[in-house]
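Each chain is listed here by its residues.
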Amino acid sequence: MGAANNSEDLPPIDRLALANSLEVTALLTQAMAKHGGHITFDEFMHIAMFAPGRGYYDSMNRIFGDGGDFTTAPEISPLFGQCIAQQIMQIMEHMGQTDVLEFGAGSGILAETILLELDKHERLPQTYYIHDISPSLRKRQFTRLQTNIPQLLHKVEWLNDIPTRFDGIMLGNEVLDALPVHRVIFRRNRRYTEIYVTEKNGRLVLEEGPLSSVELQHEMDRITQLWPDIADGYQSEINLGVKRWVAQVSQALGKGMILLIDYGFTRKEYYQPSNHKGNLMCYFQHHAHSNTMLYPGVQDVTCHVNFSLVAEAFQDQGLNIAGYTNQGFFLAGCGLEALYQQQDTQDEEKFLRLTRGIEQLIMPTAMGETFKVIGVTKNITQDTIGFSVSNLKDWL
Ligand SMILES: C[S@@+](CC[C@H](N)C(=O)[O-])C[C@H]1O[C@@H](n2cnc3c(N)ncnc32)[C@H](O)[C@@H]1O
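The rules we used
Residues numbered from 1 in each chain as written. Predicted model: local features only at pLDDT ≥ 70, side-chain atom pairs only at ≥ 80, totals over all residues. Buried ≥ 20, exposed ≤ 12 C-beta atoms within 10 Å, placed from the backbone. Helix = DSSP H or I, 4+ residues; strand = E, 2+ residues; numbered from the N terminus. Pairing = 2+ DSSP bridges. Axes fitted to C-alpha atoms, helices over the stretch in contact; angles between N-to-C directions. Core = buried A, V, L, I, M, F, W, Y, C linked by C-beta atoms within 7 Å. Contact = placed C-beta atoms within 7 Å. Parallel < 35°, antiparallel > 145°, perpendicular 65-115°, else oblique. Left-handed = near helix turned anticlockwise from the far one by under 90°. Nonpolar A, V, L, I, M, F, W, Y, C, P; charged D, E, K, R; others polar.

Colleague: Please clarify how the pairing of strand β16 (residues 371-378) should be interpreted in this entry.
Modeller: Within a regular strand, the side chains alternate between the two sheet faces. β16 sits mainly inside the fold: seven of its eight residues count as buried. Of the strand pairs in this sheet, strand β10 (residues 253-265) and β16 are connected by eight bridges, and their pairing is antiparallel. Each residue of the ladder has a partner; that of Tyr263, found in β16, is Phe371. Strand direction decides the pairing type here: strand β15 (residues 320-326) and β16, joined by six bridges, are antiparallel.

Colleague: Sorry, what's going on with the sheet that holds strand β13 (residues 300-303) here?
Modeller: Strand pairs in the sheet, formed through backbone hydrogen bonds, run parallel or antiparallel to each other. Across the sheet, three strands lie side by side as β12-β11-β13; this open sheet has antiparallel pairing. Of all the strands in the sheet, the pair left with one neighbour each is β12 (287-289) and β13. Here the strands of the sheet are splayed against their neighbours by 30° on average, with no regard to which way each runs. As judged from the four bridges shared by strand β11 (residues 280-284) and β13, these two strands associate in the antiparallel manner. What sits directly across from Cys282, in β13, is Val301.

Colleague: Even after reading the chapter, I still don't get the nonpolar core, so can you show me in this structure?
Modeller: As a rule of thumb, nonpolar side chains are buried together in soluble globular proteins. If you look at the biggest cluster of nonpolar residues, it comprises 107 residues, and the most contacted ones within it are Ile88, Ala111, Met170 and Val310. Ignoring any residue separated from it by four or fewer positions in sequence, one finds Met170 in contact with Leu101, Phe103, Val249, Leu253 and Ile258.

Colleague: I would appreciate a short explanation of unusual backbone geometry in the present structure.
Modeller: Where the residue is not glycine, phi is negative for most of them; where a peptide bond is considered, it is trans in most cases. In the Ramachandran plot, Ile63 falls in the positive-phi region, its phi being about 65° despite a non-glycine side chain. Here Ile63 lies in the loop between α2 (41-50) and α3 (73-76). The backbone of Asn201 shows a phi angle near 50°, a positive value even though the residue is not glycine. Along the chain, Asn201 falls in the loop between β7 (193-200) and β8 (203-210).

Colleague: Could you clarify how one ought to interpret the pairing of strand β9 (residues 234-238) in this entry?
Modeller: β9 sits mainly inside the fold: four of its five residues count as buried. Two strands pair when backbone bridges link them, and strand β6 (residues 182-186) and β9 are joined in this way by five bridges, in the antiparallel orientation. Bridge assignment links Phe186 to a residue of β9, and that residue is Tyr234.

Colleague: Quick question: what am I supposed to make of the packing of helix α8 (residues 241-252) against helix α10 (residues 307-316) here?
Modeller: What describes two packed helices is the angle between their axes and the distance between those same axes. Where α8 meets α10, the closest approach of the two axes is 9 Å, and the angle between their N-to-C directions is 40°. When the axis of α8 is compared with that of α10, the two are oblique. α10 is crossed by α8, and the crossing has right-handed handedness. The residues of α10 that touch α8, namely those facing Val242, Lys243, Val246, Ala247 and Ser250, are Leu309, Val310, Ala313 and Phe314. Partitioned by chemical class, the residues of the contact of α8 with α10 number seven nonpolar, one polar and one charged.

The structure is reproduced here in structure tokens:
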């Protein structure tokens with residue numbers, strides 16, 4: 001099943017990062033000892049990504065942008081956040097001035113761009129809440145907003161937990177892909193198995209064992225119904241945590257909209273035969289690779305999203321699927337072209353950067369098709385501009 005090795009063509013890891021990774025490995029070993037010698041991949045990700053003060057999102061890792069491990073859409077172009085602000089304003093036309101809640105705000109750049117755009121139109125929310133699991137990123141967000149938009153900082157409030165009641169617009173870019181997943185293997189005659197993480201000769205390795213929950217069995221049965229000839233040994237992932245997360249945010253929402261952007265596909269596409277090695281990806285200093293056991297706590301481990309599962313989880317909670325579409329179409333629906341035309345063309349270099357950024361956001365070969373947007377509503381019945389160009393919700 002592939003032992004950890006660092007034979008891949010990756011940049012060297014620095015001393016501090018290596019020390020952190022060894023501490024995370026020690027936490028993993030403790031967890032394995034508590035669980036009979038191995039842990040599920042979902043538990044592995046919980047520790048490697050979120051262990052307080054040590055995990056990937058809560059240590060000294062730079063994470064975002066050129067000096068980090070990966071670059072997200074709001075980091076690529078301000079037009080991304082400006083488009084989302086148009087969608088927020090449309091909902092506000094219906095709801096009046098309301099609140100915004102951003103999940104997983106990363107460096108804080110999306111919050112900054114959205115707030116600036118809303119301010120420009122004199123449509124600031126009552127409060128712009130941020131809920132992020134990582135204390136160190138929460139600090140980073142505060143510093144960024146305090147430095148770049150001190151005049152709007154009074155509008156921003158950080159939440160330690162998902163609120164129990166919220167009216168307004170919730171949003172999250174690349175949050176679902178960060179949620180831990182289980183890894184599974186399809187075997188003939190529904191004898192499905194799961195991949196666990198264990199330790200052999202001082203190294204983290206993967207091993208196969210029985211399924212850890214009946215929920216996995218149910219989801220694997222559904223996938224087998226879609227692909228009855230699914231190959232013996234077909235490996236993939238199942239995200240059970242996303243259902244719990246969706247239930248929590250749905251129950252919190254009294255009235256409003258939830259907008260989630262991420263890379264992923266429908267269930268049928270997700271488990272198509274060619275994806276027989278699954279959809280997990282690791283990012284280390286902008287190098288994408290597939291060795292999930294390498295440098296726990298130092299590299300990003302992320303997984304494509306099964307949007308059919310997400311949509312069903314929302315529907316189970318009584319929410320309405322307003323739309324599902326590609327990022328490119330969504331941004332077009334939010335008025336990307338008009339926003340682009342309003343930009344200052346005097347500064348040639350800046351304008352060229354903006355043009356390149358748009359290409360990355362919308363081109364099918366870049367983020368335009370791989371990234372999807374799902375919008376769900378509760379107790380509002382308004383059309384949404386983001387899904388006006390194309391709405392593929394029947395595909396889910
Ligand atoms: C891939 S980053 C995306 C950051 C930002 N949204 C962007 O687009 O640049 C994932 C973010 O989600 C946060 N996160 C991960 N799991 C979370 C959870 N369960 N609840 C809230 N935030 C979470 C991480 O701390 C991080 O800020």
